[in-house]
Amino acid sequence: MKQITLLLAAAILAGNASARQTNVSKPMGTQTSPAFALSKASVPTKKIPAPSDDQEIIWEAPEGELTYYSRTCIGYREYFGSIMPLLDEGSVVTVIEQEDGTVWMHNTISQFLAPGWVKAEKNGNTLTITGPQLVYQETNYDTDEIMNYYVSPVTIEKYTDGEGSEYVKYTPSEDGAFTFDINPETGTIKEAGNGDLILGIISWNEKDGFYWVGYGDNYVVCSLPKVEPVTVPESAEIHKNWAMRYYSTDTWGDEYEYAKFVDLAIEGNDYYIKGIYPSLPDNWIKGTKDENNVVTFPNGQYLGINFEILRFAYLAAGNVEYDPENDIDLAIIDEEGVAFELDKDSSMTALTNILIIPVAETNVSNANYIDYLEAATIIPQDPDNISTPKAPSDMSYICTVKCF
């Protein structure tokens, strides 16, 4: 797998879109360097006062002005006792700003989908989160103990052991302050400093005090989407409920055929499709027909926010290819865009496969992706063109009696 370089990390911190180089995998969040043991890396501290018993999770969104940001960062997540550094793209950060300068943030940690809102204070062009702030609780069923998880900064410190091996240790920060700089012209919220802090998830026990649990973000940049949704002109002719068929792979790697309805709008050589991404059925994409009866939909068209996975979604053409050396799937983008060939009966056959990606611009040879649609066809539904239903290929998972 690719190693993330200091130059790349600095470019991400600067908000440079061209720095989004990553290996792809699903779910989103892709490994950028070798995993390391949490037991060796996480250093507990008792220098932070024990959490108060009256601190509560903020479940409901406070009142105020709401904005959705797209986050790019180096994320960390715990995986069977190891920590994987990841390059995360296009995750949604919800920000609510109140008149008194108080700011509330949701989905604050990219790899830890905590329900709690986190409070921050805005002072001029800076935004500061002060931890620990309680965001999640769960029960340890081995001990019946309630585990509390807090958002708070974690310091990064490199050291060398007695044998000359280099390591990094992660310790909850004593002052609890994690600061962002706000660009007043673009609205971008960017982690201040040089990347020596992680905005992390920490926990506490009486023996050790606070300790890092392996989740957090580093080199955080939250930006406003620059691409507007496609709108259809009122003069366009709209055709309702055309049948779209395609193939897609589930979480377990099994491929299935799917079908759904889409709408088609036509005005001259401009073609519009509504609902090409199944998770966001109300959004349109726009393409142009050429002299060869091929309609091309440019990459980077904004499809909206998928709130089920808290990701922004954009259109791209491309393929997913397996890389046996690293045991991952690589998404390779076709820069020409998504192309459909028009048939004589007005049906459309995809000449390229479809990728749903979390950012408008990414590395075309190795991109993150959210979904992958293969061999798509779009067919008019009229009395003279009704397709014959196709029987399922595998009946073993279909309940014919009461299953529960």
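Higher on the page you've got the structure.
Conventions we followed
- Residues numbered from 1 in each chain as written.
- Predicted model: local features only at pLDDT ≥ 70, side-chain atom pairs only at ≥ 80, totals over all residues.
- Heavy atoms only, no water.
- Helix = DSSP H or I, 4+ residues; strand = E, 2+ residues; numbered from the N terminus.
- Buried < 20%, exposed > 50% of the residue type's maximum accessible area, 1.4 Å probe, protein only.
- Contact = heavy atoms within 4.5 Å.
- Pairing = 2+ DSSP bridges.
- Core = buried A, V, L, I, M, F, W, Y, C linked by side-chain atoms within 4.5 Å.

> Looking at this structure, I do not really get the environment of F178. What am I missing?
For F178, the location among the structural elements is in strand β11 (residues 177-182). Under the relative-accessibility criterion, F178 is labelled buried at 1%. Remark: the alpha-carbon pair of F178 and P153, spanning 25 residues in sequence, is separated by 5.8 Å. Not counting chain neighbours up to four residues away, the residues in contact with F178 comprise L127, T128, I129, P153, E191, L197, I198 and L199.

> Help me understand the side chain of S223 in this model?
If you trace the backbone, S223 turns up in strand β14 (residues 209-223). Assessed through its relative accessible area of 19%, S223 is described here as buried. With residues near it in sequence (within four places) discarded, S223 still touches Y69, S70 and T188.

> Would you mind going over the pairing of strand β13 (residues 197-205) with me for this structure?
Every other side chain in a regular strand lies on the same face of the sheet, so the side chains alternate between the two faces. Most of β13 sits inside the fold, with 8 of its 9 residues counted as buried. Direction of pairing for strand β9 (residues 145-160) relative to β13: antiparallel, over a ladder of 6 bridges. Paired with V154 across the two strands is I198, which belongs to β13. Looking at chain direction, β13 and β14 are connected through 6 bridges and run antiparallel. Pairing of S203 across the sheet is with Y211, part of β14. The turn joining β13 and β14, which pair antiparallel and follow one another in sequence, is formed by 3 residues.

> Before we go on, may I ask you to explain the nonpolar core in this structure?
The tendency in soluble globular proteins is for nonpolar side chains to be buried side by side. In this structure, L127, I129, V151, F180 and I201 are the most contacted members of the largest nonpolar core, which totals 29 residues. If you tally residues by element for this core, the top one is β14, at 5 residues. Contacts of V151, omitting those with residues within four sequence positions, involve I109, V118, I129, G131, P132, Q133, V135, L199, G200 and I201. Of all hydrophobic cores here, the second largest spans 28 residues; its members include Y246, L264, V338 and I356.

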